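# Structural features, examined
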Amino acid sequence: VALRSLDARTLLGVAASARGTGARLRRHRSVVHRTDLERLIVRGHREFPHQVDGDPLGSTRHLELVHRPRSLSLVRPVAPG
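Residues numbered from 1 in each chain as written. Predicted model: local features only at pLDDT ≥ 70, side-chain atom pairs only at ≥ 80, totals over all residues. Heavy atoms only, no water.

## Description of the pairing of strand E3 (residues 39-52)
With 9 bridges connecting them, E3 and strand E4 (residues 55-66) associate as antiparallel partners. Looking at the pairing, glutamine 51 lines up with proline 56 of E4. Between E3 and E4, which pair antiparallel and follow one another directly, the connecting turn spans 2 residues, one of which, aspartate 53, has a positive phi of 55°. (Pairing = 2+ DSSP bridges. Helix = DSSP H or I, 4+ residues; strand = E, 2+ residues; numbered from the N terminus.)

## What about the pattern of salt bridges?
Across all of its chains, the model carries 2 salt bridges by this definition. Of the charged contacts in the structure, one is a salt bridge between aspartate 36 and arginine 34, with a shortest N-O distance of 3.0 Å. Here aspartate 36 falls in the exposed class, since its relative accessible area comes to 52%. Residue arginine 34 is classed as partly exposed on the basis of its relative accessible area of 46%. Between arginine 39 and glutamate 64 there is a salt bridge, with its nearest N and O atoms 2.2 Å apart. Of this pair, arginine 39 sits in strand E3 while glutamate 64 sits in strand E4; the two residues are 25 residues apart in sequence, bridging distant segments of the chain. For glutamate 64, a relative accessible area of 45% corresponds to the partly exposed category. (Salt bridge = Lys/Arg side-chain N within 4 Å of Asp/Glu carboxyl O. Buried < 20%, exposed > 50% of the residue type's maximum accessible area, 1.4 Å probe, protein only.)

Take a look at the structure:
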């Protein structure tokens, strides 16, 4: 999901839809919704700051995001009893 606009009305509508079924989110004119991408490159007109999990990583002119569906295994402990 990518937003074409960051105005308050768009953000509130998208947030409300995301908390529900997400149907309105997928149809919103200011939202790009894609499920068929393996790689995405974000290019800025100038350097922009970025972060991961709240940790600032500095500024860059482009980011390459790659989808790796089986790159992380989660182990959930079972409660005794």
